[in-house]
Amino acid sequence: MAMASTLLASRPFSARPSAPPPHSRRLALALPPRPATLSAPAATHHPRKCGRLQPLHAASCCGNPAAAAGAAAGAGANGWPLLAWYLMALDKNPVVTKAITSAVLTLAGDIICQLVIDKAPELDLKRTFVFTFLGLVLVGPTLHVWYLYLSKLVTISGASGAIAHLVLDQFIFSPIFIGVFMSLLVTLEGRPSLVVPKLKQEWLSSVSANWQLWIPFQFLNFYFVPQKLQVLAANFVALAWNVILSFKAHKEIVTK
């Protein structure tokens, strides 16, 4: 302790810092200035900002299925405003949208049938109204509920799932639905007594025509198209089917 005190006491203490040597000053002047570095607050600001933005972005898109579907629809329908509007309507009001779509297609199908196949001199407006009305209140809503139930009933994917969908749709649902549609159509047209003769004459041939048209398409529809868009995809083929169905439903009954 005494030796340490002696050494400290032997060194004079000066509060003024010693000046650097002359050659050190010349070297400092010759060197280029260092680039300014980020301050500590700025360096720590960006990681906090990035870490905060990423979770918010994920929550806004993936945490809300409707927002995700809307974003996907907008991206998929880029440059197609009518399709984007239709997909948005499907998200907001699926039953109403599909019902109106089916009504438009049944209307077009019956008009084409009358003018092109039947070659009628003028439209039978009552026939067209009843056919369109059934498309609105029966076809669209029923297909919406059926496809939704079918997607929950068949949970397997791939070709096996598409075949299972197809078998249930074409060999169980379609024969029943065609019979119900024809019966209601004839009844609403004021001919309830002709329901049974109409079914005896046209039901089996209508089911056969349905299989020929729908089985190839529905396999592709169930295999490739998302459940939400299956009715939309089916409606494109439904225009041709509505022409056939209108012809079959309004064909004169041959009495034996």
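The model shown is predicted, which means the values in this text are computed figures rather than measured ones.

Enquirer: Explain the side chain of Asp-169 to me, and be specific about the residues and the numbers.
Expert: The topology assignment puts Asp-169 in helix α8 (residues 158-188). Buried charge without a salt bridge: Asp-169, with Lys-98 as the nearest opposite-charge side chain at an N-O distance of 13 Å. Here Gln-170 takes part through its side chain, which lies 2.9 Å from a polar atom of the side chain of Asp-169. The residues touching Asp-169, leaving out its near neighbours within four places in the chain, are Trp-146, Tyr-147, Leu-150, Ser-174, Gln-218 and Phe-222.

Enquirer: With reference to specific residues and values, describe the nonpolar core.
Expert: Phe-181, Leu-185, Trp-214 and Leu-245 are the most contacted members of the largest nonpolar core, which totals 26 residues. When contributions to this core are tallied by element, the ones reaching two or more residues are α7 (125-153), α8, α9 (195-224) and α10 (230-249). Broken down by element, the residue count for this core peaks at nine residues, all from α7. Not counting residues up to four positions away in its chain, the partners in contact with Phe-181 are Phe-131, Leu-134, Leu-138, Val-139 and Leu-245.

Enquirer: Residues and numbers for the environment of Asp-124, please.
Expert: Mapped onto the elements, Asp-124 comes out in the loop between α6 (94-117) and α7. Overall, Asp-124 belongs to the partly exposed group, its relative accessible area being 40%. As a C-alpha pair, Asp-124 and Asp-110 span 14 residues in sequence and 9.6 Å in three-dimensional space.

Enquirer: Residues and numbers for the pattern of salt bridges, please.
Expert: Where charged atoms from two side chains of opposite charge come close, those side chains can pair. A full pass over the atoms with the stated rule returns three salt bridges. Linking Asp-118 and Arg-127 is a salt bridge whose minimum nitrogen-to-oxygen distance equals 3.2 Å. Among the residues examined, Arg-127 registers a relative accessible area of 11% and is labelled buried. Among the charged side chains, a salt-bridge network with shared partners connects Asp-110, Asp-118 and Arg-127.

Enquirer: Would you mind going over empty space enclosed by the protein in detail, with residue names and values included?
Expert: A water-sized probe rolled over the atoms picks out the places where empty space is left. Under the criterion given, the structure shown has one cavity of 30 Å³ or more. Taken together, 22 residues line the largest cavity, and the ones lying closest to its centre are Val-139, Leu-143, Phe-177, Trp-214 and Trp-241. Breaking the lining of the largest cavity down by element, the ones donating at least two residues are α6, α7, α8, α9 and α10. Each residue belonging to the lining of the largest cavity can be placed in one class, and the counts come to 13 nonpolar, eight polar and one charged.

Enquirer: Break down the packing of aromatic side chains for me, with residues and values.
Expert: In total, this model carries ten aromatic pairs according to the counting rule given. Between Trp-146 and Tyr-149, the ring centres sit 6.2 Å apart and the planes meet at 35°, which makes this aromatic pair tilted. Pair noted here: Trp-146 and Tyr-149 are both in helix α7, with a separation of three residues, about one helical turn. Relative accessible area serves as the criterion here: at 48%, Tyr-149 is assigned to the partly exposed category. Each ring, one from Phe-171 and one from Trp-211, has its centre 5.1 Å from the other, and the planes form 40°; the classification is tilted. Of this pair, Phe-171 sits in helix α8 while Trp-211 sits in helix α9, and the two are 40 residues apart along the sequence. Given a relative accessible area of 44%, Phe-171 falls into the partly exposed group. Cluster of aromatic residues (ring-pair linked, three or more members): Trp-146, Tyr-149, Phe-173 and Phe-177.

Enquirer: Tell me about the side chain of His-250, residues and numbers included.
Expert: With respect to the element layout, His-250 can be found in the segment after α10. You can call His-250 buried: its relative accessible area is 16%. Within the structure, His-250 has its side chain in polar contact with the side chain of Arg-127 (distance 3.4 Å). A polar side-chain atom of His-250 sits 2.8 Å from the main-chain carbonyl oxygen of Ser-246. Apart from the residues within four sequence positions on either side, His-250 is in contact with Asp-110, Arg-127, Phe-131, Leu-185, Glu-189 and Lys-198.

Enquirer: Go over α7 with me, naming the residues and quoting the values.
Expert: In a regular helix each residue adds 1.5 Å, so 29 residues correspond to 42 Å; α7 covers 40 Å between its end C-alpha atoms and thus fits that length. Looking at where α7 begins, the residue whose side-chain oxygen comes 3.3 Å from the main-chain nitrogen of Lys-126 is Asp-124.

Enquirer: Which residues make up the environment of Pro-192, and what values go with them?
Expert: Relative to the assigned elements, Pro-192 resides in the loop between α8 and α9. Sequence-distant contacts of Pro-192, that is, excluding residues within four places in its chain, are made with Val-186 and Thr-187.

Parameters at a glance
- Residues numbered from 1 in each chain as written.
- Predicted model: local features only at pLDDT ≥ 70, side-chain atom pairs only at ≥ 80, totals over all residues.
- Heavy atoms only, no water.
- Helix = DSSP H or I, 4+ residues; strand = E, 2+ residues; numbered from the N terminus.
- Buried < 20%, exposed > 50% of the residue type's maximum accessible area, 1.4 Å probe, protein only.
- Lys, Arg positive; Asp, Glu negative; His and termini not counted.
- Salt bridge = Lys/Arg side-chain N within 4 Å of Asp/Glu carboxyl O.
- Polar contact = N/O pair within 3.5 Å; in protein donor to acceptor, adjacent residues only side chain to side chain.
- Contact = heavy atoms within 4.5 Å.
- Core = buried A, V, L, I, M, F, W, Y, C linked by side-chain atoms within 4.5 Å.
- 1 Å grid on protein atoms, 1.4 Å probe; cavity = no way out; pocket = protein on both sides within 12 Å on 5 of 7 lines; lining within 4 Å.
- Points joined across faces, edges and corners; volume = space filled by probe spheres on them.
- Nonpolar A, V, L, I, M, F, W, Y, C, P; charged D, E, K, R; others polar.
- Phe/Tyr/Trp six-rings, centres within 6.5 Å; stacked < 30°, edge-to-face > 60°.
- Expected span 1.5 Å × (residues − 1).

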